[in-house]
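Structural characterization, general
Residue strings, one per chain:
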Amino acid sequence: MTYAHQWPASLWSAATAARAASPQLLGTVDHDAVVIGGGLSGLSTALHLARRGIRTALIEGLEVGWGASGRNNGQVIPTLSAVEPGALVKRFGETGERLATLVGASAEYLFRLAESEGIDCEAEQVGWFQPAHSPGRQRLSEQRVNAWNKFGSTAELLDRAETARLLGTDFWHGGMFNRSGGHINPLALVRGLASACERAGVTIYENSPVTDFTRRDEKWHVATERGMVRAKSVVLATNAYSDLLHRKLAPTIARSIVPITSWQMATPPLSEEVRAQVLPGRQAVSDTRADLRYFRYDARNRLITGGSVLGAFNARQRVADHTAKRLAEAFPQLGLQQFTHVWNGRIGITYDRYPRVHRLAPDVWSWVGCNGRGVALSVSLGRELAAAIDGVSLNELALPVTEPSTMPFYPIARRVAPFVLAWYKRRDHREIKLG
Ligand SMILES: Cc1cc2nc3c(=O)[nH]c(=O)nc-3n(C[C@H](O)[C@H](O)[C@H](O)COP(=O)(O)OP(=O)(O)OC[C@H]3O[C@@H](n4cnc5c(N)ncnc54)[C@H](O)[C@@H]3O)c2cc1C
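Predicted, not measured: the structure shown is a model, and the values here were computed from it.

**Observations concerning the sheet that holds strand β19 (residues 356–361)**
Strand order in the open sheet formed by 6 strands is β9-β3-β2-β13-β20-β19, with mixed pairing between adjacent strands. What marks the edges here is a single partner per strand, and that holds for β9 (203–205) and β19. The sheet shows a mean angle of 15 degrees between the axes of neighbouring strands, direction not considered. Here helix α2 (residues 40–51) sits on the sheet and contacts β2 (33–36), β3 (56–59), β9, β13 (233–236) and β20 (364–368); the angle it forms with β3, its principal contact strand, is near 170 degrees.

**Comments concerning the domain arrangement of the chain**
Taken as a whole, the chain is organised into domain 1 (11–72 + 187–254 + 361–408) and domain 2 (80–118 + 125–182 + 259–349). At the junction of the two partners, domain 1 supplies 40 residues and domain 2 supplies 36 residues. Across the interface of domain 1 and domain 2, roughly 3,100 Å² is buried in total on both sides, 63% from carbon and sulfur atoms. Inspection of the region where domain 1 meets domain 2 yields 15 residue pairs in polar contact (both at pLDDT 80 or more). At the level of secondary structure, the elements contributing two or more residues to the side of domain 1 that touches domain 2 comprise α1 (11–15), α2, α6 (186–200) and α10 (375–389). Ranked by the residues each element gives to the side of domain 1 that touches domain 2, the list is headed by α10, at 8 residues. For the side of domain 1 that touches domain 2, the residue count by class is 24 nonpolar, 8 polar and 8 charged.

**Some thoughts on the UniProt feature "domain: FAD dependent oxidoreductase" (unreviewed entry) in the chain**
With numbering matched to this structure, UniProt assigns "domain: FAD dependent oxidoreductase" (unreviewed entry) to residues 32–387. With 34% helix and 25% strand, residues 32–387 has end C-alpha atoms that lie 14 Å from one another.

**What to know about the site of the ligand**
The ligand sits among 37 residues. The nearest are Ser-41, Glu-60, Ser-69, Asn-239 and Cys-370. A distance of 2.6 Å separates an oxygen atom of the ligand from a polar atom in the side chain of Ser-41. At a separation of 3.0 Å, an oxygen atom of the ligand approaches a polar backbone atom of Ala-68. Look at the ligand: alone it shows 1,000 Å² of surface, and the protein chains cover 98% of it. Of all the elements in the fold, those that place two or more residues in the shell around the ligand are α2, β14 (258–266), β18 (341–349) and α10. Per-element tally for the shell around the ligand: the top contributor is β18, with 3 residues. When its residues are assigned to classes, the shell around the ligand shows 14 nonpolar, 19 polar and 4 charged.

**Here we look at the packing of helix α3 (residues 85–116) against α10**
Relative placement of two packed helices is described by the angle separating their axes and the distance separating the axes. Interhelical geometry of α3 versus α10 gives an angle of 100 degrees and a closest axis separation of 8 Å. In terms of axis orientation, α3 runs roughly perpendicular to α10. Between α3, through Leu-99, Leu-102, Val-103, Ser-106, Ala-107, Tyr-109, Leu-110 and Leu-113, and α10, the contact on the second element is made entirely by Val-375, Ala-376, Leu-377, Val-379, Ser-380, Leu-381, Arg-383 and Glu-384. Residue composition of the contact of α3 with α10, grouped by class: 12 nonpolar, 2 polar and 2 charged.

**Observations concerning the sheet that holds strand β16 (residues 294–297)**
The strands making up a sheet associate through hydrogen bonds between their backbones, and the pairing can be parallel or antiparallel. Overall, mixed pairing links the 8 strands, which are arranged β6-β7-β5-β15-β16-β17-β14-β18 in an open sheet. Looking along the sheet, the strands with just one partner apiece sit at the ends: β6 (155–158) and β18. The average angle at which neighbouring strand axes cross in this sheet is 20 degrees, direction not considered. Sheet topology note: the strand β15 (residues 284–286)/β16 ladder contains 2 bridges and is antiparallel. The residue of β16 that forms the bridge with Ser-286 is Tyr-294. Running at roughly 105 degrees to β6, helix α5 (residues 160–167) makes contact with β5 (128–131), β6, β7 (175–178) and β15 of the sheet. On top of the sheet, helix α9 (residues 315–330) reaches β14, β16, β17 (303–307) and β18; it is set at about 115 degrees to β17, its chief contact.

Rules and cut-offs
Residues numbered from 1 in each chain as written. Predicted model: local features only at pLDDT ≥ 70, side-chain atom pairs only at ≥ 80, totals over all residues. Heavy atoms only, no water. Pairing = 2+ DSSP bridges. Helix = DSSP H or I, 4+ residues; strand = E, 2+ residues; numbered from the N terminus. Axes fitted to C-alpha atoms, helices over the stretch in contact; angles between N-to-C directions. Contact = heavy atoms within 4.5 Å. Domains from an automatic or database assignment. Buried area = accessible area lost by both parts, 1.4 Å probe. Polar contact = N/O pair within 3.5 Å; in protein donor to acceptor, adjacent residues only side chain to side chain. Nonpolar A, V, L, I, M, F, W, Y, C, P; charged D, E, K, R; others polar. UniProt positions renumbered as here; feature names shortened; annotations may be inferred. Near = heavy atom within 4 Å. Areas by Shrake-Rupley, 256 points an atom, 1.4 Å probe, with all protein chains shown as cover. Parallel < 35°, antiparallel > 145°, perpendicular 65-115°, else oblique.

Structure representation (structure tokens):
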């Protein structure tokens, strides 16, 4: 049976060259390693496993890129969303230091990987900028620049005038700029990585939702409705979509995060005249608000932005109206934009905003909880997971392994999570005091 599914009405699915479908998994096959989930995490892990000479299968329930990886804003960001590098070190010691270094280098790693694999993903390494939305946040930006630079990052602090020149507006107060960041067409990157995997020898199966994985005869048996892969090692790379196709695939992992709906939208292509005034350097931008303001151009000169709203009623229209107003607040010359594409996806949020890496059994790995910042991170963590499976010691890797645990009061957390947005908005309006 082929599972009926539709691609979201995203700009990316409309604008990206299709890729030839991979076959369904039929019958029983043997590999050294099997990766479940065909997003950036799964594909990067599979590619790095194959580069290490490990015979690898990747099983995607629908089509590669169908999850968050093919729907996101495509910002390539070398920081975490809410956790500072010092906090990583405090919690994970030397592993935290390696993770902070990995995060700081993750944008550069993604761009070089795409380049070396010849992936045409509309990559623009024009920098990622985090403008500060208040004077207190500008002081936070300064602290962040110093903190990330201790781990080899190339972050710089821009003052208010430099920020106004960079963005074409004086709406923000300065901010943290990182030249290694930028943006890509995320679906093109995913599809390009799938081709790179195939060239490296990975066998990809699509339209094959995994129903369970069990240990028998000293091997893992990863089952779909019509097939089975037997392998020594397993990587679960289903992230915020872990419970979507099979609720019982990995319930503890699925319940260690709350999936939040994030809306994305694209303007029509903007004229050269407007682009000369609005974000003339084409950087990827996401500000210091918890209820983020973010945008970037795509290769067709559309601005791709996004937002969130409370409640499901008429959400598409409400979020589009709300986001158009916010854009016009910062850039009055844009007027109220009518978006040509509006779509959404799931972001996996952890209660403390730390990503989670788990070793579910000696040869079973997973990571989850990107907290909205997983494009560059997923690609670099995939490299680390592949190394772990190949026997590299955790003492050398940037994998902060913890025991999986369900988020406290999960059913309640899932219900109240959307209301956290209202709290974020209030918090964004309050100034912060830094020590
Ligand atoms: C709307 C949106 C905007 C975002 N914007 C940004 C951004 O600009 N920058 C940034 O850094 N991050 C961003 N993110 C986060 C980023 O997209 C994710 O962190 C990243 O794509 C996660 O990749 P992944 O491979 O771990 O998961 P996914 O891409 O979600 O892949 C999981 C895959 O597992 C498959 N799957 C699920 N169940 C099964 C099963 N039973 N069997 C087989 N396969 C299964 C799914 O079909 C899916 O393809 C955004 C996320 C969203 C949703």
